[in-house]
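Structure at a glance
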There are 2 protein chains.
Amino acid sequence: MPYFDAASAAPLHPVAREALLASLDEGWADPARLYREGRRARLLLDAAREAAAEAVGCRPDELVFTPSGTQAVHTGVSGALAARQRAGRRLLYSAVEHSCVLHAAEVHEAAGGSRTELAVDRTGRVAPGEVAAALGPDTALVALQSANHEVGTAQPVEEVAALCREAAVPLLVDAAQSLPWGPVPGAWSLLTASAHKWGGPPGVGLLAVRKGTRFAPQGPRDERESGRSAGFENIPAVVAAAASLRALRAGPETGDEAARLRRLVDRIRTRVPELVPDVEVVGDPVHRLPHLVTFSCLYVDGEALLHELDRAGFSVSSGSSCTSSTLTPSHVLRAMGVLSEGNVRVSLPYGTAEADVERFLEVLPRVVRAVRERLGVPAAEAAESAESAGAGQTGGAGETAGAAGPGDAAGPAGLVVDALGKRCPVPVIELAKVIGEVPVGQTVTVLSDDEAARQDIPAWCAMRDQEYVGERAAERGAAYVVRRRA
Amino acid sequence: MPYFDAASAAPLHPVAREALLASLDEGWADPARLYREGRRARLLLDAAREAAAEAVGCRPDELVFTPSGTQAVHTGVSGALAARQRAGRRLLYSAVEHSCVLHAAEVHEAAGGSRTELAVDRTGRVAPGEVAAALGPDTALVALQSANHEVGTAQPVEEVAALCREAAVPLLVDAAQSLPWGPVPGAWSLLTASAHKWGGPPGVGLLAVRKGTRFAPQGPRDERESGRSAGFENIPAVVAAAASLRALRAGPETGDEAARLRRLVDRIRTRVPELVPDVEVVGDPVHRLPHLVTFSCLYVDGEALLHELDRAGFSVSSGSSCTSSTLTPSHVLRAMGVLSEGNVRVSLPYGTAEADVERFLEVLPRVVRAVRERLGVPAAEAAESAESAGAGQTGGAGETAGAAGPGDAAGPAGLVVDALGKRCPVPVIELAKVIGEVPVGQTVTVLSDDEAARQDIPAWCAMRDQEYVGERAAERGAAYVVRRRA
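Definitions and limits used
- Residues numbered from 1 in each chain as written.
- Chains lettered and ligands numbered in written order.
- Predicted model: local features only at pLDDT ≥ 70, side-chain atom pairs only at ≥ 80, totals over all residues.
- Heavy atoms only, no water.
- UniProt positions renumbered as here; feature names shortened; annotations may be inferred.
- Contact = heavy atoms within 4.5 Å.
- Buried area = accessible area lost by both parts, 1.4 Å probe.
- Salt bridge = Lys/Arg side-chain N within 4 Å of Asp/Glu carboxyl O.
- Polar contact = N/O pair within 3.5 Å; in protein donor to acceptor, adjacent residues only side chain to side chain.
- Helix = DSSP H or I, 4+ residues; strand = E, 2+ residues; numbered from the N terminus.
- Axes fitted to C-alpha atoms, helices over the stretch in contact; angles between N-to-C directions.
- Parallel < 35°, antiparallel > 145°, perpendicular 65-115°, else oblique.
- Left-handed = near helix turned anticlockwise from the far one by under 90°.
- Buried < 20%, exposed > 50% of the residue type's maximum accessible area, 1.4 Å probe, protein only.
- Pairing = 2+ DSSP bridges.
- Phe/Tyr/Trp six-rings, centres within 6.5 Å; stacked < 30°, edge-to-face > 60°.
- Lys NZ or Arg CZ within 6 Å of the ring centre and 35° of its normal.
- Arc of directions from axis to C-beta.
- Least-squares fit on C-alpha atoms with pLDDT ≥ 70 in both.
- Expected span 1.5 Å × (residues − 1).

Per an unreviewed UniProt entry, chain A goes by the name Aminotransferase class V-fold PLP-dependent enzyme and belongs to Streptomyces mooreae. Under the UniProt heading Sequence similarities (unreviewed entry), the note attached to chain A is "Belongs to the class-V pyridoxal-phosphate-dependent aminotransferase family. NifS/IscS subfamily." Note on chain A: under the UniProt heading Cofactor (unreviewed entry), the record states "pyridoxal 5'-phosphate".

Shown next as structure tokens:
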């Protein structure tokens, strides 16, 4: 049963398991105590810190262990911002950071700070020029991930670190996804990571703060971990985390394994669009994590797709709105301006068998077809891809020719599709069904109160070479206007 | 090699170990995911929550897991205070709470809140009347531990909970030390605990917030654990924590084991003062934790004592100033007004052998004698105990008859002992050496810049039936004045 969601959590590495077992017996005592059990625990903790620091590329006294990667980010962001309060109160961060960075930014803003989201291109990459332009005298901190957790795109961390250094602004790098594959280069000031992403146990995050970086930990004080992480040290887990990270890095096979997974991902990137019509593979094809690929399938309900893939034995995740508790699509896909419906993220764990990937490629087209059929997507529309958007339309249910409300009065006359109350991917399916009836050069208006429509209607236009005119408020939800090109 | 510091951390319970191993394979995935590995992890997490809630005596949806007991307290205090901000901003807490409560109170005060420490009696107990008197219209929260971590004294939680309920003020109970022995009775509103205190793994705390208690989690938001504990769930550790707590509670032997340890502690409480001269056993002899006893040895350096006990094979802890990184004595002993020098806390883990306790009673007198001899305490002084304080004095080094500085000018003329620059227990030893030279009814002044002297000179007076006159500022440190009674 292939598990293809290593970016969420990787199964425990055998070395982590072994180290955990050994240190349960040796490392349970309080390392602050002077007696032998305490001294033994302290030795284990010190050794783990040295090993982790070496893998990160920092000094042991620059690194502390936290209870999670999330807490490492929260602590790192708040501690760096507080220490720079006099210099400035603006936090810059890319629009595709992990949600824990976004949430830390919200708290900063609520406390009177300011924040600026840096836009990304369609691959999810921040342009160093954008960072340079945004760096101002009030900038307290820049946060940039090493590589994106949803689409795999690597960020230009080294260049951004150089820009930050020049501006004397600290850079915090969330390295949660990339650290298993190698250290983060460049003159970063703070770095965070999470052990369960590399096959370490849950319960361990890393926070490195390089010497010379001002840092003022927030929250109630606690002597442990240099005052940067409160609570009794979880030494068995810390030892297991460090041992497995060292094992990943020390073996000559790590580079080989990265290359092998990269080839498997390349195969998915190439084959999926050949096998499944109307698919958008997103993220940078070259500058990316070795093991991760994301694609979106037009006219597909993400939750149904995940469910069918699970039934077929494949565990993957999704950034589609219907798979999130908030019913909004992934902020990463939104920032990239790409399709969010029918979204699938495949992240291969260390040691993934090639045969499993081949079987996935075998199963996927059938599963997507089944989901589309159930949604009433005409087979012809799905099969003909971008060639001819108007062909094969049937008079679908759901379109109306009536007025859409007061907001529509000033708009162009034309076809109106009422998709109110309908969830992703239905609004886009309804649009596709009627586009053939729209005279070339004329518009069709889709009324929708589904958050995903805001992202997926423009994305559909880009894929179908239709003109996205824009959005305006409507009595309920919004009215999205599309002009037929051909 | 007997480990007698269960109150710091208990070795892993066999049930915890077994549950941890099993759930490392079953519970590593993200419980928020819809695929089978995620669903399996979710089932484990739900089952652990049910088991832990049953042991705590609350509903499963009232309980969340945190990365430590410390974080449970920090989150509980800040969340309860924030939710009650309109009602009031005063936090009441006992002077003997765990340092994590004190640190949370400091942060509250720094943010504009107010705090009141409730005094305790010489056994370390808060009087419910004191709580009733302190409860005011601006009280936002009361924090009271179920039993003290340093001296074992049980607090009147049930009575205080009733008072709080009457005043419509929530009560947070830190149950870290008592939860292994039974649920906390009464109408508390919030409760915290820590798994490594009962033989669960490190990395797991509990926070229960009873329905109807207003709660507003602070810090960056996070969907996990009802928004009350950020970061990826540590399911294997949580499962192990819950399983071991249930095992402790389910076995009919828990009550027996508590009774057995209580008898062993009674034996220590009785025998230590018989075997070692000049010892003060502190804490309530009856209303207390079953497994914990604390005593202080006059004229003894706590660090040396711990070191010698460790060499003899016994792991214990101490609240003496010389064993803390801040060189101040334990705030618990200070609040109780008891001796802090030569302090030893013995906390017996589940299953402690009676023979180990007997061997401890054999070793202790020899070790204390050796430490006292090294410090130059006259054997006679040490042996004669409180009978005759003046006997056996030699003209000790360190006393001077000179003026102690401007502050002394207004004071009574008399002997002055200059113990400036000397650390605990030397100032008290110097005082004991000269008391025989002081005419009855006259005073002796001890100059000391050691924090422990503030606590230990009055405590010595109480033990020796001498009159402690008071303290006044001196050019360096403070001047402590003692009047000879007999």
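A short note on the interface of chain A and chain B
The extent of an interface is frequently quoted as the accessible surface area lost upon association of the parts. Counting from both sides, the interface comprises 58 residues of chain A and, opposite them, 58 residues of chain B. Both sides of the chain A and chain B interface together cover about 4600 Å² of buried area, and 57% of this is carbon and sulfur. When the buried surface of chain A facing chain B is broken down by residue, Trp 28, Tyr 35 and Arg 36 of chain A rank first, second and third, together holding 14% of it. Applying the counting criterion to the chain A and chain B interface returns ten salt bridges. Residues Asp 25 of chain B and Arg 17 of chain A are paired through a salt bridge, measuring 2.8 Å at the closest nitrogen-oxygen approach. Viewed at the interface, chain B and chain A are joined by 27 residue pairs in polar contact (both at pLDDT 80 or more). Among the secondary structure elements, those contributing two or more residues to the side of chain A that touches chain B are helix 1 (14-26), helix 2 (36-56), helix 3 (69-83), helix 4 (99-110), helix 7 (235-250) and helix 9 (302-311) of chain A.

Examining the packing of helix 9 (residues 302-311) of chain B against helix 11 (residues 354-374) of chain B
Residue and element names in this part refer to chain B. Their axes nearest at 10 Å, the elements helix 9 and helix 11 cross at an angle of 135 degrees. Compared by their axis directions, helix 9 and helix 11 come out oblique. As helix 9 runs across helix 11, the sense of the crossing is right-handed. Seen from helix 9, the contacting residues are Ala 304, Leu 305, Glu 308 and Leu 309; seen from helix 11, they are Phe 360, Val 363, Leu 364, Val 367, Val 368, Val 371 and Arg 374.

As for the pairing of strand 9 (residues 292-297) of chain A
Residue and element names in this part refer to chain A. With six of its six residues buried, strand 9 lies for the most part within the structure. Residues Leu 292, Thr 294 and Ser 296 line one face of strand 9 and the alternating positions Val 293, Phe 295 and Cys 297 line the opposite face, and both faces are buried. Bridge count for strand 8 (residues 279-282) against strand 9 is four bridges, and the pairing is antiparallel. When the sheet's bridge partners are listed, Val 282 is paired in strand 9 with Thr 294. Two strands pair when backbone bridges link them, and strand 9 and strand 10 (residues 343-347) are joined in this way by five bridges, in the antiparallel orientation. The partner of Thr 294 across the bridge, within strand 10, is Arg 345.

A few points about the side chain of Thr 213 of chain B
Residues and elements named next belong to chain B. Its place among the elements puts Thr 213 in the loop between strand 7 (205-209) and helix 7 (235-250). The buried category is assigned to Thr 213, whose relative accessible area is 17%. Of the polar contacts made by the side chain of Thr 213, one reaches the backbone oxygen of Arg 210; its length is 2.8 Å. Every residue in contact with Thr 213, bar those within four places of it in the chain, is listed here: Pro 170, Ser 189 and Leu 190.

Overview of the packing of aromatic side chains
Evaluation of the coordinates by the stated rule reveals twelve aromatic pairs over all chains. Taking the centre distance of 5.7 Å and the plane angle of 45 degrees together, the rings of Phe 4 of chain B and Phe 314 of chain B count as tilted. Of this pair, Phe 4 of chain B sits in the segment before helix 1 (14-26) while Phe 314 of chain B sits in the loop between helix 9 and helix 10 (331-336), placing them 310 residues apart in sequence. The pair formed by Phe 4 of chain B and Phe 314 of chain B is uniform in burial state, with each residue classed as buried. Consider the rings of Phe 4 of chain B and Phe 360 of chain B, whose centres lie 5.8 Å apart with planes at 70 degrees: the pair is edge-to-face. Of this pair, Phe 4 of chain B sits in the segment before helix 1 while Phe 360 of chain B is found in helix 11, placing the two residues 356 residues apart along the sequence. According to the relative accessible area criterion, Phe 4 of chain B is buried, its value standing at 1%. Among the aromatic residues, those joined into a cluster by ring pairs are Tyr 3 of chain A together with Trp 28 and Tyr 35 of chain B. Across from the ring centre of Trp 188 of chain B, 3.5 Å away, lies the NZ or CZ of Arg 210 of chain B, which sits over that ring.

Comments concerning the pairing of strand 10 of chain A
Consecutive residues of a regular strand have side chains that alternate between opposite faces of the sheet. Strand 10 of chain A sits mainly inside the fold: five of its five residues count as buried. What you see with strand 10 of chain A is no split at all: Asn 343, Arg 345 and Ser 347 of chain A on one side and Val 344 and Val 346 of chain A on the other are buried throughout.

Examining helix 6 (residues 157-167) of chain A
Residues and elements named next belong to chain A. The complete set of buried residues in helix 6 reads Val 157, Val 160, Ala 161 and Cys 164. Along helix 6, the residues classed as buried sweep out an arc of 105 degrees about the axis, all on the same side. Tucked inside the fold, the buried residues of helix 6 contact helix 5 (128-134), strand 4 (139-143) and strand 5 (171-174).

Here's the deal with the relation of the copies chain A and chain B
Rotating chain A by 180 degrees and translating it 0.0 Å along the rotation axis places it on chain B, where the RMSD comes to 0.0 Å. Both copies of the chain, as the preceding transformation shows, are related through a two-fold rotation axis. A symmetric contact is evident, with 100% of the interface residues of chain A recurring at the interface of chain B.

Structural notes on helix 7 of chain A
With 16 residues, helix 7 of chain A ought to run about 22 Å at 1.5 Å a step, and its terminal C-alpha atoms sit 22 Å apart, in line with that. Regarding helix 7 of chain A, the residues found buried are Ile 235, Pro 236, Ala 237, Val 238, Val 239, Ala 240, Ala 241, Ala 242, Ser 244, Leu 245 and Leu 248 of chain A.

Topic: unusual backbone geometry
Residue and element names in this part refer to chain A. Residue Pro 425 is bonded to the preceding Cys 424 through a cis peptide linkage, with omega at 5 degrees. Secondary-structure assignment places Pro 425 in the loop between strand 12 (415-418) and helix 13 (426-434). Despite not being glycine, Glu 225 has its phi angle at roughly 50 degrees, a positive value. With respect to the helices, strands and loops of the structure, Glu 225 is situated in the loop between strand 7 (205-209) and helix 7. Glu 225 gets classed as buried once you look at its relative accessible area, which sits at 8%.

Structural notes on the sheet that holds strand 5 (residues 171-174) of chain B
One key point about sheets: their strands pair by backbone hydrogen bonds, in either a parallel or an antiparallel sense. Residues and elements named next belong to chain B. The sheet built from seven strands is open, its strands ordered 1-7-6-5-4-2-3 with mixed pairing. Each of the sheet's edge strands pairs with one partner strand only, and the pair in question is strand 1 (63-66) and strand 3 (114-118). Here the strands of the sheet are splayed against their neighbours by 20 degrees on average, with no regard to which way each runs. Pairing between strand 4 (residues 139-143) and strand 5: two bridges, direction parallel. Bridged to Val 142 within strand 5 is Leu 171. Along the sheet, helix 3 (residues 69-83) makes contact with strand 1, strand 2 (90-94), strand 4, strand 5, strand 6 (190-194) and strand 7, crossing strand 6 at roughly 165 degrees.

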